Amino acid sequence: MKKRTSLMSALLLSSILIAPAAMAQDAPAEEAEDTQDTTETDDEFQEEDIDISAPGADANEIVVRGRYIPNPIRATPEVVSVLGTEEIARTGEGDIAGSLGKVTGLSVVGGRFVFVRGLGERYSLALLNGNPLPSPEPLRRVVPLDLFPTSVIASSVVQKSYSANYPGEFGGGVINLTTKTTPDETFLDIGLSIGGNSETTGELGYTHFGQDWDWTGFDDGTRDIPAGLQQAIDQNILIAQDGVNFSSEDLQAFAASLVNSPTSLIQRNNNIPVNWSADITGGTSIESGDALFGIFATAGISNSWRTRGGVQQQTQGVVQIDGQDGLLPDRNFQYLTTQNRAVVNGMLGLSAEFADHQVRFVNLFIRDTLKDSSISAGIDAISVDPNLPLNQGRTSWFERQLYTSQLVGEFEWDLFSLDVRASYANSQREAPYERTYSYAFDDEIANDFVNDLTSPGESARIRFSDLTDDVYGAGIDLGYLFDGNVPITVSAGYSYYLNERAAERRDFRFVPANGLPNPVDQLRIDFLLSDFSVDFYDIELREVGAVNSVPRYNAELEVHAGYIQADAELSEGLRLNVGARYEDGTQTVTPLTLAGGNPGTATNLSNDYWLPAATLTWNPLDDFQIRVAASKTIARPQFRELAFQQFLDLETDRTFIGNPLLTDSELFNAEARAEYYLGRGERITGAVFYKDIDNPIESVAFIQGGGAFFQGFSNAPKATLYGAEIELVKYFPLYDWGGFFENRRLLLAANYTYTESEIKVGANDQTISPITLLPVAATGLFTDGDRLTGQSKHIANLQFGLERDDDEKLSQQTIIVSYNSPRVTARGPQDQPDLVERTGWQLDFVAREEFNLFGQDFELKLTARNILGEDYRESQTLNNSVILNNAYEVGTSYSASVTLKF
């Protein structure tokens, strides 16, 4: 079989210059560099000595001795960071989100969403093989990157300077994930792993039964909405006793039809199980004449547990403490939450290569299910009684699912190239049986916790929600090389994007028609809501809300875009990439009220933009280049930020609600960057950057009637962001040490990003209130000079490792240190301080080793995460007082995995 190699730089160039199409990546970045054509450009080969008929050589042999320093980062006309297969593997992460957290200027929030240079995930664009993806997360349009296991990703390119071939929603950068494709040779890998966490594994936690197959992430129908209740929901009317549509007997039948104990009874588990995963990956290449056909497939399953025990507090306002302003916790709870996560994934990739053409067909399926059980105890002085102890419980089941099918064709002739792509993606999020209940302590009669389902602090509720996103994408890109005195590659293209969403959420409460006597109110929750209790005490299932509530919404974003771009070698060592993109986008969010309700406030944004971009690259020295870039881009509101519907986010345990009157943000971006290449895979880079943002969308916390704490969204008038970053990647050979070290080297990879941002608010500026949806003074929500939400001032990463530098076998030991300074998660409500998140330093260790046992090749991987045991804290601080909005112990995680290589 003919050995096939990948030209990584060429693929990156075709991706960035011509189209954001899929990049074939079949070998680690370093291996790809070793096989790259050395004749492409003079500046990629530094000639030290060429000797024809060198001593000891054949008379017709040409011996070339020199330093070959190809680098995909260097070869592109834009500012990029590249994670190849080897860089991804070195981090030891199980998903691509964790790996990206080690890239210069990138930070990962909540282990799932990537922030670029301190800008929230709304300012980042994630693509898979150059194609758009929907998000199964109601709060975000950007897909959470923890969904993608590293086993299916060949490389990730993070482009920080904008070029016109990419979509205009480009604030911090674009992250283009490339799936694995045609392998060099037939292979089969089978992997198994086991792991745990010091705060979770073998420790106290909570769970609920659900059904026998919960460990797979698939429900067997136990959590399906009962047929009678589903028929009532489908009528789109308020489900309450009205004497016309529903009687008390109907509502009692709805309550009795629900699956009770398996979904409501929280059980203590004193020995939470270990985490485990298994995967199988294989591929082969088949030659037929001049064509090469490839097949790549992978499947995996994982099951993990996570327990968080900590404090959640809330304050209603500023008070006087010892003669100065301060904060007191009006809502104060200790809690313990255990989440069991099951992930199933599979991918099938087919490819064909013939001449200089390639066609790829990729199908990816990911299902991510979270089973949540939580108990909290404390007081609620805001909505109940400061002296009334409460005991609250929650059980939930969240199914996130993503499927995408992509067809990409890349065709090249002498001076002409043609790229075409088409994709369909579907994501779903279903949350059946979200149950909550609350018991209050009765010290007068029962001397016990009671729940009569009606008194303050005593309740039982259940919610059902469903979200479906469909995304259609298509594009065509043409490129032509004018090979004259000034070589110019001109490219142009058209792309189409359509995202359709349908979301529904129905909220119900259990209410006895005639009250509950004591001691019935002392029953545990599954006995309290049993068929007997429902029938004997006339417990009804009533919908929470009114006819004007917004249980459903439909949303759509449609974008037509075209661009033209030119990449010119103006003179030796001077390169200009310039272009412009035109986008015409229409975004709608239509709230659907119940029958008889008044239409809610809808969103109808229709805008078109011209988005210019230019990057100038200058090579004053062989190994040194300077880039200067400027562009205009946009950021559209996300569907969930626009939908005037409540949504509970389990990660923060906070209720979010959208603002249908948000507007697009417009950005001006500028950057200057210097790059010095020390050798193969080695570099020192430094950059300064600046962004000017009109109408940035900020997260705003507020308190409504009854003390309910919400988080909404509003446009700030203006903001600026600026900063600097530096990166060093250097290898230190150790062969002089001899013995064990003669084929080893040290790796030092370090990066640091400093970012500063300021919100600009004038006395006459106005914005739309997320509470009333009316214009209000912007100074009421924002303070001039405040930092943008989500922005860390300091981001630092360090990798220090020992590894073999030959091809005999894999051996790596890497210490990884990461730091993100505190960042604002939401503007404080009603003149309160902002909510600030602190994650601290993280120290990790990853070891990978290949070995042969009884003639079988294996790879062993050992990881330790958060070795320092840093905790998580989100808080508000005023003078000497602190409110812990959410604080818990993260613990240290360990894992060991072994892969059989056939």
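Structure shown above.
Note that this is a predicted model, so its numbers are computed, not measured. (Residues numbered from 1 in each chain as written. Predicted model: local features only at pLDDT ≥ 70, side-chain atom pairs only at ≥ 80, totals over all residues. Heavy atoms only, no water.)

A. A look at the overall build of the protein chain. Within the protein chain one finds 11 helices and 47 strands. The buried share of the protein chain, reckoned over its 902 residues, is 56%. Expressed as a percentage of contacts within the protein chain between residues at least 6 apart in sequence, the contacts between residues at least 24 apart total 74%. Surface exposure of the protein chain reaches about 35100 Å², of which carbon and sulfur atoms provide 55%. (Helix = DSSP H or I, 4+ residues; strand = E, 2+ residues; numbered from the N terminus. Buried < 20%, exposed > 50% of the residue type's maximum accessible area, 1.4 Å probe, protein only. Contact = heavy atoms within 4.5 Å. Areas by Shrake-Rupley, 256 points an atom, 1.4 Å probe, with all protein chains shown as cover.)

B. Up close: helix H7 (residues 248-257). Among all positions in H7, only Ser248, Leu251, Gln252, Phe254 and Ala255 are buried. For H7, the buried positions fall inside an angular range of 155 degrees around the axis, keeping them on one side. Check the buried side of H7 and you find it contacts helix H6 (227-234), strand S23 (488-512), helix H10 (531-536) and strand S24 (539-543). (Arc of directions from axis to C-beta.)

C. Looking closely at unusual backbone geometry. Put simply, asparagine 518 and proline 519 share a cis peptide bond, and its omega is 15 degrees. Relative to the helices and strands, proline 519 is located in the loop between S23 and helix H9 (525-528). In this structure, asparagine 879 takes a positive phi of about 55 degrees despite not being glycine. Among the structural elements, asparagine 879 can be located in the loop between strand S45 (872-878) and strand S46 (881-888). Residue asparagine 879 is classed as partly exposed on the basis of its relative accessible area of 45%.

D. Expanded view of the nonpolar core. With 41 residues, the main nonpolar core has Ile96, Leu100, Leu145, Phe148, Ile153 and Leu177 as its most contacted residues. Here this core gets 4 residues from one element, more than from any other, and that element is strand S25 (residues 552-571). If sequence neighbours within four positions are ignored, isoleucine 96 has contacts with Ile88, Leu145, Phe148, Thr150, Ile153 and Leu177. Of all hydrophobic cores here, the second largest spans 31 residues; its members include Phe246, Leu453, Ile462 and Phe508. (Core = buried A, V, L, I, M, F, W, Y, C linked by side-chain atoms within 4.5 Å.)

E. A look at a nonpolar patch on the surface. A grouping of Trp413, Leu415, Phe416, Val420, Ile476, Leu478, Tyr480, Phe482 and Tyr494 is seen on the molecular surface, where their side chains present a nonpolar patch of about 770 Å² in accessible area. Broken down by secondary-structure element, the contributors of at least two residues to the nonpolar patch are strand S20 (416-442) and strand S22 (459-482). Of all the elements, S22 adds the most residues to the nonpolar patch, at 4 residues. Along the polypeptide, leucine 415 turns up in the loop between strand S19 (385-412) and S20. (Patch = residues over 30% accessible without salt bridge, like charges linked within 9 Å, V, L, I, M, F, W, Y side chains within 5 Å. Salt bridge = Lys/Arg side-chain N within 4 Å of Asp/Glu carboxyl O.)

F. Spatial organisation of the sheet that holds strand S8 (residues 153-159). Taken in spatial order, the 5 strands of this open sheet run S3-S8-S9-S6-S7, and their pairing is mixed. Taken across any chain shown, the strands that pair with only one partner, and hence form the sheet edges, are strand S3 (80-83) and strand S7 (131-132). Two strands pair when backbone bridges link them, and strand S6 (residues 124-128) and S7 are joined in this way by 2 bridges, in the antiparallel orientation. Residue leucine 127 lies in a different strand from S7, and its bridge partner there is proline 132. (Pairing = 2+ DSSP bridges.)

G. Region of the structure containing the pairing of strand S27 (residues 603-621). As paired strands, strand S26 (residues 574-592) and S27 are joined by 16 bridges and run antiparallel to one another. Bridged to threonine 588 within S27 is asparagine 604. By the bridge criterion, 7 bridges tie S27 to strand S28 (residues 624-635) in an arrangement that is antiparallel. Its bridge partner being in S28, threonine 617 is matched across the sheet by arginine 627. Hairpin connection from S27 to S28: 2 residues lie between these consecutive antiparallel strands.

H. Representation of the sheet that holds strand S33 (residues 697-703) in the model. Pairing in this open sheet of 4 strands is mixed, and the strands run S29-S30-S34-S33 from one edge to the other. Each of the sheet's edge strands pairs with one partner strand only, and the pair in question is strand S29 (646-649) and S33. Mean inter-strand twist for the sheet, computed between neighbouring axes without regard to direction, equals 35 degrees. Here S33 runs beside strand S34 (residues 709-715); their pairing, made up of 7 bridges, is antiparallel. Note on S34: the bridge partner recorded for glutamate 698 is serine 714. (Axes fitted to C-alpha atoms, helices over the stretch in contact; angles between N-to-C directions.)

I. How the structure looks around the packing of aromatic side chains. In the structure shown here, the tally under the stated rule is 22 aromatic pairs. Ring geometry for phenylalanine 411 and tryptophan 413: centres 6.4 Å apart, planes at 25 degrees, overall stacked. One aromatic cluster is present, formed by Trp213, Trp215 and Trp276 through successive ring pairs. Across the ring face of tyrosine 888, the terminal group of arginine 308 is positioned such that the distance to the ring centre comes to 5.1 Å. The aromatic ring of phenylalanine 740 is capped on one face by arginine 744, whose charged end is 3.9 Å from the ring centroid. (Phe/Tyr/Trp six-rings, centres within 6.5 Å; stacked < 30°, edge-to-face > 60°. Lys NZ or Arg CZ within 6 Å of the ring centre and 35° of its normal.)

J. Summary view of the environment of isoleucine 286. As for its position among the elements, isoleucine 286 is in strand S13 (residues 275-288). Since its relative accessible area comes to 45%, isoleucine 286 is described here as partly exposed. Note: C-alpha distance between isoleucine 286 and threonine 186 (100 residues apart in sequence) is 9.2 Å. Discounting residues that sit within four places of it in the chain, isoleucine 286 has contacts with Ala291, Leu292 and Phe293.

K. Representation of a negative patch on the surface. On the surface, Asp212, Asp220, Asp224, Glu430 and Asp466 cluster together into a patch of negative charge. The topology assignment puts aspartate 466 in strand S22. For aspartate 466, a relative accessible area of 37% gives the class partly exposed. (Lys, Arg positive; Asp, Glu negative; His and termini not counted. Charge placed at Lys NZ, Arg CZ, Asp CG, Glu CD.)

L. Geometry of the pairing of S23. Pairing geometry for S22 and S23, over 22 bridges, is antiparallel. Within the sheet, the bridge partner assigned to leucine 467 lies in S23 and is alanine 503. In this antiparallel pair of consecutive strands, S22 and S23, the connection spans 5 residues. As paired elements, S23 and S25 share 17 bridges and run antiparallel to each other. In the strand pairing of S25, glutamate 500 is matched with glutamate 556. In this structure, S23 lies alongside S24, joined through 5 bridges in antiparallel fashion. Within S24, the residue paired with proline 512 across the bridge is isoleucine 539.

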